[in-house]
2 protein chains.
Amino acid sequence: MKRDSRLSGVLHVLLHMAEVDAPMTSEALANMMKTNPVVIRRVLAGLREHGLVCSAKGHGGGWQICRALDTISLHDIYRALDEPTLLAMGNRTESPGCLVEAAVNNALNQAFHDAEALLLERFRTVTLAQLSADFHQRKIAHGFSGHHEHSIFPEQEG
Amino acid sequence: MKRDSRLSGVLHVLLHMAEVDAPMTSEALANMMKTNPVVIRRVLAGLREHGLVCSAKGHGGGWQICRALDTISLHDIYRALDEPTLLAMGNRTESPGCLVEAAVNNALNQAFHDAEALLLERFRTVTLAQLSADFHQRKIAHGFSGHHEHSIFPEQEG
DNA sequence: TTTTACGTAACAAATATAGTTACATTAAAA
DNA sequence: TTTTAATGTAACTATATTTGTTACGTAAAA
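In short, a report on the structure. (Residues numbered from 1 in each chain as written. Chains lettered and ligands numbered in written order. Predicted model: local features only at pLDDT ≥ 70, side-chain atom pairs only at ≥ 80, totals over all residues.)

## Topic: the protein's contact with DNA strand D
As a reminder, the rule being used: By convention here, the C-beta atom is placed from the backbone, and a residue is near a molecule or strand when that atom is within 6 Å of it. In DSSP terms, a helix is any run of H or I states spanning at least four residues, a strand is any run of E spanning at least two, and both are numbered starting from the N terminus. The classification used treats Ala, Val, Leu, Ile, Met, Phe, Trp, Tyr, Cys and Pro as nonpolar, Asp, Glu, Lys and Arg as charged, and all other residues, Gly among them, as polar.
Within the structure, DNA strand D sits among 26 residues, and A:Ser26, B:Asn36, B:Val38, B:Gly58 and B:His59 are positioned closest to it. Top element by residues in the surface near DNA strand D is helix α3 (residues 37-49) of chain A. It accounts for 4 residues. Classifying every residue of the surface near DNA strand D by side-chain character gives 7 nonpolar, 12 polar and 7 charged.

Dropping the structure here:
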């Protein structure tokens, strides 16, 4: 089964936005993400409803993060994405009439529930500020001299 | 994202097979699972390659579990299904050139890896024998009298 | 030799996701 | 005030995945 990379993608977008003081247009972000501006606007519209980002129309408009980075957890972003499915597996039927299926569901649900809880707990404990700090450390480790806004190496895919 | 229910479905099928001494045909199993016999044969063919079930052609043929239930863990079945994706989320790109994406991947991969490890560990510790025992307890709890092969209640979806 | 069942390829249908086009709306700049 | 640059959003298209179906070959028992 194919994995949903929206959370990964949104985090990427947000961290780039955090590096820039001015609003970034959906077109610029789409170029970074090798996708379409409408796709960017669609997903960021969800974050805006949750107060994580702000958008401005017209000349000089675009998207900005509108809360302190250390107040935005991965869980906040996960919720703003409408809490997408975490696990690629599930039970065939909930509340089955068949007792065999009930026994199967019971065993699997325990494992599934615990794995989901673990993921959500991790999401709660990681903030955008931490990811940003990690990024800046990586930049230094890769030989950032102070003259480049980003890595001295050509960047692929954003 | 839609969840893959093949593991759940295969467990259901196997536990029903465990209740019967004779081979079960793909047609009978397909009726229970409300699907097509070819779909059953496709998925059970994978289990056969791993030595979990045996099939016989011709009159009186069909499918049977061919190992002791307490030697078959959920992990064995998971592997026989070709280790399907466990998590519905993933990173946009592995080995990214962009340092922002590297920071994102690093944070998410830790969480993803731990959640996967938890699931696999659970799969290793649960056997078909345990599920079968759980099923028989449920049957008793639902008023099994000794005269019925299965529940006295009409079974839905298998 | 007929019937029953698996084995498997090829095709069709359904689903989900992502991408695209088009145009209305808003706001700044000329 | 007109032009330009941006978001907002609906509708459509394309693509990929999964599931279901048909068809027919093979094997084994009755």
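## Thoughts on the pairing of strand β1 (residues 53-56) of chain B
All names here are of chain B. What counts, and what does not: Between any two strands, pairing holds if DSSP finds at least two bridges.
Inspection of the sheet shows β1 paired to strand β2 (residues 62-65) by 4 bridges, in the antiparallel sense. Bridge pairing in β2 places Ala56 opposite Gly62. Adjacent in sequence and paired antiparallel, β1 and β2 are bridged by 5 residues, among which Gly58 carries a positive phi angle near 75°.

## Let's talk about the interface of chain B and chain A
Reports often express the size of an interface as the amount of accessible area lost when the parts come together. Just so we agree on the cut-off: By the criterion used throughout, residues are in contact when their C-beta atoms, derived from the backbone, lie within 7 Å.
Chain B puts 53 residues into the contact, and the matching count from chain A is 53 residues. Examining the composition of the side of chain B that touches chain A, we find that 15 residues originate from one element, helix α5 (residues 99-125) of chain B, more than from any other. Split into classes, the residues belonging to the side of chain B that touches chain A amount to 27 nonpolar, 15 polar and 11 charged.

## Topic: the relation of the copies chain B and chain A
As a reminder, the rule being used: For the least-squares superposition of copies, only C-alpha atoms count, and only for residues with pLDDT at least 70 in both.
In screw terms, the move from chain B to chain A is a rotation of 180° and a rise of 0.0 Å along the axis, fitting with an RMSD of 0.0 Å. These values place the two chain copies in the arrangement generated by a two-fold rotation axis. Most of the interface of chain B is mirrored in chain A, where 100% of its interface residues again form contacts.

## Overview of the packing of helix α5 (residues 99-125) of chain A against helix α1 (residues 6-18) of chain B
Defined as follows: Lines fitted to C-alpha atoms define the axes, with helix axes restricted to the stretch in contact, and inter-axis angles between N-to-C directions lie between 0 and 180 degrees. Comment on the angle field: the value is read as roughly parallel under 35 degrees, roughly antiparallel over 145, roughly perpendicular from 65 to 115, and oblique elsewhere. In a left-handed crossing the near helix is turned counterclockwise from the far helix by less than a right angle, and in a right-handed crossing that turn is clockwise.
With their axes 9 Å apart at the nearest point, α5(A) and α1(B) run at an angle of 135° to one another. What the angle tells us is that α5(A) and α1(B) run oblique. Viewed along their axes, α5(A) and α1(B) form a crossing whose handedness is right-handed. Counted together, A:Val100, A:Glu101, A:Ala103, A:Val104 and A:Leu108 of α5(A) and B:Ser8, B:Leu11, B:His12, B:Leu15 and B:His16 of α1(B) form the full contact between these two elements.

## Considering the protein's contact with DNA strand C
Of all residues adjacent to DNA strand C, which total 27 residues, the nearest are A:Asn36, A:Gly58, A:His59, B:Met1 and B:Ser26. Elements with a minimum of two residues in the surface near DNA strand C: α3 of chain A together with α2 (26-33), α3 (37-49) and β2 of chain B. Element by element, the count of residues in the surface near DNA strand C is highest for α3(B), at 5 residues. A class-by-class count of the residues in the surface near DNA strand C yields 7 nonpolar, 12 polar and 8 charged.

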